[in-house]
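Remarks on the overall topology
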Amino acid sequence: MVQNASMSQSQFGTIARVGMTQDGRAVYQVVSADGKSGMNVSIPNHDCDRFERAYNDLTEAAPKLQAYMETHSTPEAAKKVRRRTAWTIGGVTGAAFIGTSLLTRKWKPVWKWLTTIAGGIAGFVGGAVVAAKMSTPPGAKEFENASKVLSSIDVQPLQ
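Predicted, not measured: the structure shown is a model, and the values here were computed from it. (Residues numbered from 1 in each chain as written. Predicted model: local features only at pLDDT ≥ 70, side-chain atom pairs only at ≥ 80, totals over all residues. Heavy atoms only, no water.)

A short note on the overall build of the protein
In plain terms, the rule: By the criteria applied, helices consist of DSSP H or I runs no shorter than four residues and strands consist of E runs no shorter than two, each listed in order from the N terminus. Atoms counted for the radius of gyration: C-alpha only. Globule rule: 2.2 Å times the number of residues to the power 0.38. Contacts are residue-level and defined by heavy atoms, with any inter-residue pair within 4.5 Å sufficient. The accessible surface values rely on the Shrake-Rupley method and a 1.4 Å probe; as for residues, cover is taken only from the protein chains in view. Positive charges come from Lys and Arg, negative ones from Asp and Glu, while His and the chain ends are left out of the count. Think of each charge as sitting on NZ of Lys, CZ of Arg, CG of Asp or CD of Glu.
Scanning the protein from terminus to terminus reveals 4 helices and 4 strands. Secondary structure elements of the protein, listed N to C terminal, follow the sequence β-β-β-α-α-α-α-β. Taken over the C-alpha trace, the protein has a radius of gyration of 24 Å; the compact-globule value for 159 residues is 15 Å, which it surpasses by more than 25%. Summarising its shape, the C-alpha atoms of the protein cover approximately 75 × 35 × 25 Å along the three principal directions. Restricting to contacts in the protein with at least 6 residues of sequence separation, those with at least 24 account for 54%. Entry remark: accessible area of the protein is about 10,500 Å², with carbon and sulfur atoms responsible for 63%. Distance between charge centres in the protein, computed from 18 positive and 12 negative side chains, equals 20 Å.

This is how it looks when you write it as C-alpha cells:
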C-alpha cells in the first residue's frame, strides 16, 4: 500500500483516507489547496494503492505541465517548437538518405535506389519519433498514465 498518500500535500490539494463504507469501500476526503473541504469519494478497497499512486503522479506531473505551458503558450514559442520539429524530421531523414546512399554506392543501381528509399523512409519515421519526444512536455506521459488509471477505477462520490 502506498504510504503517505493521506498526507499528500500539493498546490492542487490533498486527499486523506478517512474510513470505510459499510460495503467495504475506502473513503477519501478531497481537500482543496486553500484548505476548504471538498467532496468525499469512495474507492473499491482493492484499488486504493492504484488510486493513491495515480493521485501522487498527477500532483507531481501537473506543476511540470503548468510550467511548460506558461513558457510555451505564446505564438512565438509554438512556432519555434514547430520549426525545431520540422528541422529534426528533415535532418534525420536527410542523414538517413545520405547514409544509405553512401553505404550502397557500389551496389547495383536498382538495389541502391530501393535501399536508399527504404533508409529515407526509416529516417523519416525515426525523425518523427525523435521530434515527438523532443516536443512532448515534461510530465505529460506520467499525467496521461495517471489519468488512464483514475478513469479505470470505480470512483463514486459520497454525500
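Things to note about a nonpolar patch on the surface
Which entries qualify depends on this criterion: What goes into a patch is any residue over 30% in relative accessible area without a salt bridge, connected to like charges within 9 Å or, for nonpolar side chains (Val, Leu, Ile, Met, Phe, Trp, Tyr), within 5 Å. Any carboxyl oxygen of Asp or Glu within 4 Å of a side-chain nitrogen of Lys or Arg constitutes a salt bridge here.
A cluster of nonpolar residues, Phe97, Ile98, Leu102, Trp113, Ile117, Ile121, Phe124, Val125 and Val129, forms a patch on the protein surface that exposes about 900 Å² of accessible area. Elements that contribute at least two residues to the nonpolar patch include exactly helix H2 (75-103) and helix H3 (109-135). Among the elements that make up the nonpolar patch, the one with the highest residue count is H3 (6 residues). With respect to the secondary-structure elements, Phe97 resides in helix H2.

Re the pairing of strand E3 (residues 37-44)
Stated precisely, the cut-off is as follows: At least two bridges found by DSSP between two strands are what make those strands a pair.
The pairing of strand E2 (residues 25-31) with E3 spans 6 bridges and is classified as antiparallel. When the bridges of E3 are listed, Ala26 appears paired with Ile43. Counted along the chain from E2 to the antiparallel partner E3, the turn is 5 residues long, and its residue Gly35 has a positive phi close to 90 degrees. In the sheet, E3 pairs with strand E4 (residues 156-158) via 3 bridges, with the strands oriented antiparallel. Directly across from Ser42, in E4, lies its bridge partner Gln156.

A few points about the nonpolar core
As a reminder of what qualifies: Nine residue types can take part in a nonpolar core, namely buried Ala, Val, Leu, Ile, Met, Phe, Trp, Tyr and Cys, and a core is a set of them joined through side-chain atoms within 4.5 Å. Relative accessibility thresholds used throughout: buried, under 20% of the residue-type maximum; exposed, over 50%; partly exposed, between the two (1.4 Å probe, protein chains only).
The biggest cluster of nonpolar side chains holds 9 residues, and these are Ile15, Ala26, Tyr28, Val41, Ile43, Cys48, Phe51, Tyr55 and Ile153. Among the elements of the structure, E2, E3 and helix H1 (48-72) are those that each provide at least two residues to this core. Per-element accounting of this core gives the leading share, 3 residues, to H1. Dropping the residues within four chain positions of it, Phe51 is found in contact with Ile15, Tyr28, Ile43, Leu150 and Ile153.

Comments concerning the side chain of Ser42
Test applied: A 3.5 Å cut-off defines polar contacts: any pair of N or O atoms within that distance qualifies, except that in protein one atom must be a possible hydrogen donor and the other a possible acceptor, and neighbouring residues in sequence count only when both atoms are side-chain atoms.
Take Ser42: it is sitting in strand E3. Looking at Ser42, its side chain comes within polar contact range of the side chain of Arg25, at 2.9 Å.

A few points about the sheet that holds E4
Cut-off, in case you're wondering: Angles shown run from 0 to 180 degrees and are taken between the N-to-C directions of axes, each axis being a line fitted to C-alpha atoms and, for helices, limited to the stretch in contact.
Strand order in the open sheet formed by 4 strands is E1-E2-E3-E4, with antiparallel pairing between adjacent strands. Every interior strand has two partners, whereas the edge strands, strand E1 (14-20) and E4, have only one. Going across the sheet, the axis of each strand differs from the next one's by a mean of 35 degrees, ignoring polarity. In the packing of H1 onto the sheet, the strands contacted are E1, E2 and E3, and the crossing angle to E1 comes to about 165 degrees.

What about the environment of His72?
In this structure, His72 sits in helix H1. Each C-alpha atom, one on His72 and one on Pro137, is 9.5 Å from the other, the two residues being 65 residues apart in sequence. Among all residues touching His72, those that are not within four sequence positions of it are Ala77, Ala78 and Val81. Polar side-chain contacts of His72 include one of 2.8 Å to the side chain of Thr71.

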